[in-house]
Amino acid sequence: MPEIPEEENRLPPGQYIPRGRPIIHYGRVPAFRPQTWRFQVFGATASGRDEEFGWEEFSGLPRSTVVADFHCVTKFSIMGNEWEGVPAAALLDRVPPAPGVRHVMIYAEYGYSANLRIGDFDRPTTLFATHLDDKPLSPERGHPLRLVVPHLYAWKSVKWVRGVEYMLEDRRGFWEERGYHNVADPWKEQRYSYQEDPGDGPP
């Protein structure tokens, strides 16, 4: 089994390890009603049809566990989190995108959104998490479902996820429209849109 590097060697530039586990989110914490909860996959699907999952059906998709660090754009990093849930790859297998799809938009409660390149969404470590460190997510951390994209800044790890749109062309999500970097690679400190190079974002 390969050795995991020491925490300080896993910290992206400009990040620090805080005491405890800070919680940051936009808007209020939504109530979870499993009987009426729905997850939608729409846009450029291979079948041309939208798909919808209830909570039991989505929870029944293949599951996996990912141990990964978590890097907030506000500069703290939480190290060695164990996330459990449905890998993004399992959703892509169940509802394949059309051949020309290069981006996805992740939607959450209250209209929140974040865009991702399909290559970031389809990584083995990208997960629709239901559990953190063997416990169900707390409401403040995204219960019942949050996306986890460990290799990008954490605003891409959307809490309270309710859907995915397959896109042929890129569009900016909630924070990307408000001045945050379109790609969000913490190792390149891609925090703000003024740092974008040509090709990092939509025109």
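In case you missed it, the structure is sitting above this.
Let us look at the structure shown here. Predicted, not measured: the structure shown is a model, and the values here were computed from it.

## With respect to the overall build of the protein
Okay, so step 1: On a plain count of helices and strands, the protein comes out with four helices and ten strands.
Okay, so step 2: N-terminal to C-terminal, the α/β element order of the protein is α-β-β-α-β-β-α-β-β-α-β-β-β-β.
Okay, so step 3: Relative to the 2.2 N^0.38 estimate, which gives 17 Å for 203 residues, the radius of gyration of the protein is 16 Å and therefore close to what a compact globule would have.
Okay, so step 4: Taking the principal axes of the C-alpha coordinates as reference, the protein spans close to 45 × 40 × 40 Å.
Okay, so step 5: Long-range pairs, those at least 24 residues apart, make up 65% of the contacts in the protein with a sequence separation of at least 6.

## Considering the environment of Asp185
Okay, so step 1: Here Asp185 shows up in the segment after strand 10 (161–167).
Okay, so step 2: Asp185 sits in the buried class, given a relative accessible area of 18%.
Okay, so step 3: Separated by 32 residues in sequence, Asp185 and Tyr153 have C-alpha atoms that sit 6.3 Å apart.
Okay, so step 4: Setting aside residues no more than four positions away along its own chain, Asp185 makes contact with His151, Leu152, Tyr153 and Gln190.

## Section: unusual backbone geometry
Okay, so step 1: Put simply, His143 and Pro144 share a cis peptide bond, and its omega is 10°.
Okay, so step 2: Structurally, Pro144 is set in the loop between strand 8 (135–136) and strand 9 (146–148).
Okay, so step 3: Residue Lys75 is not a glycine yet carries a positive backbone phi of 100°.
Okay, so step 4: Considering the arrangement of structural elements, one finds Lys75 in the loop between strand 3 (64–71) and strand 4 (77–87).
Okay, so step 5: If you check the backbone angles, Asp134 has positive phi at about 70° while not being a glycine.
Okay, so step 6: Along the chain, Asp134 turns up in the loop between strand 7 (127–132) and strand 8.
Okay, so step 7: Exposure remark for Asp134: the relative accessible area of 61% places this residue in the exposed category.

## A closer look at the sheet that holds strand 2 (residues 51–54)
Okay, so step 1: Taken in spatial order, the five strands of this open sheet run 2-1-10-5-6, and their pairing is mixed. A strand with exactly one partner marks an edge of an open sheet, and here the two such strands are strand 2 and strand 6 (113–117). Adjacent strand axes in the sheet meet at a mean angle of 15°, parallel and antiparallel pairs treated alike.
Okay, so step 2: Two elements, strand 5 (residues 103–108) and strand 6, share five bridges in a ladder whose sense is antiparallel. Looking at strand 6, one finds that Tyr107 is bridged to Ser113.

## Considering the nonpolar core
Okay, so step 1: Formed by 38 residues in total, the largest nonpolar core has its most connected members in Phe39, Phe58, Leu91, Phe121 and Phe128.
Okay, so step 2: Listing elements by their share of this core, those giving two or more residues are strand 1 (38–43), helix 2 (55–59), helix 3 (88–94), strand 5, strand 6, helix 4 (118–121) and strand 10.
Okay, so step 3: If one sorts the elements of this core by residue count, helix 3 sits on top with four residues.
Okay, so step 4: In contact with Leu91, other than residues within four places in its own chain, are Phe39, Val41, Phe53, Phe58, Leu61, Phe121, Phe128, Val164 and Tyr166.
Okay, so step 5: Counting 13 residues, the second-largest nonpolar core is a separate cluster that includes Ala68, Phe76, Ile78 and Trp83.

## Let's talk about the environment of Gln195
Okay, so step 1: On the secondary structure map, Gln195 appears in the segment after strand 10.
Okay, so step 2: Residues Gln195 and Arg172 lie 23 residues apart in sequence; the distance between their C-alpha atoms is 15 Å.
Okay, so step 3: Beyond its immediate sequence surroundings of up to four residues, Gln195 is in contact with His181, Glu189 and Gln190.
Okay, so step 4: Among the polar contacts made by the side chain of Gln195, one reaches the main-chain amide nitrogen of Arg191 at a distance of 2.8 Å.

Procedures and definitions
Residues numbered from 1 in each chain as written. Predicted model: local features only at pLDDT ≥ 70, side-chain atom pairs only at ≥ 80, totals over all residues. Heavy atoms only, no water. Helix = DSSP H or I, 4+ residues; strand = E, 2+ residues; numbered from the N terminus. Rg over C-alpha atoms; globule rule 2.2 N^0.38 Å. Contact = heavy atoms within 4.5 Å. Buried < 20%, exposed > 50% of the residue type's maximum accessible area, 1.4 Å probe, protein only. Pairing = 2+ DSSP bridges. Axes fitted to C-alpha atoms, helices over the stretch in contact; angles between N-to-C directions. Core = buried A, V, L, I, M, F, W, Y, C linked by side-chain atoms within 4.5 Å. Polar contact = N/O pair within 3.5 Å; in protein donor to acceptor, adjacent residues only side chain to side chain.

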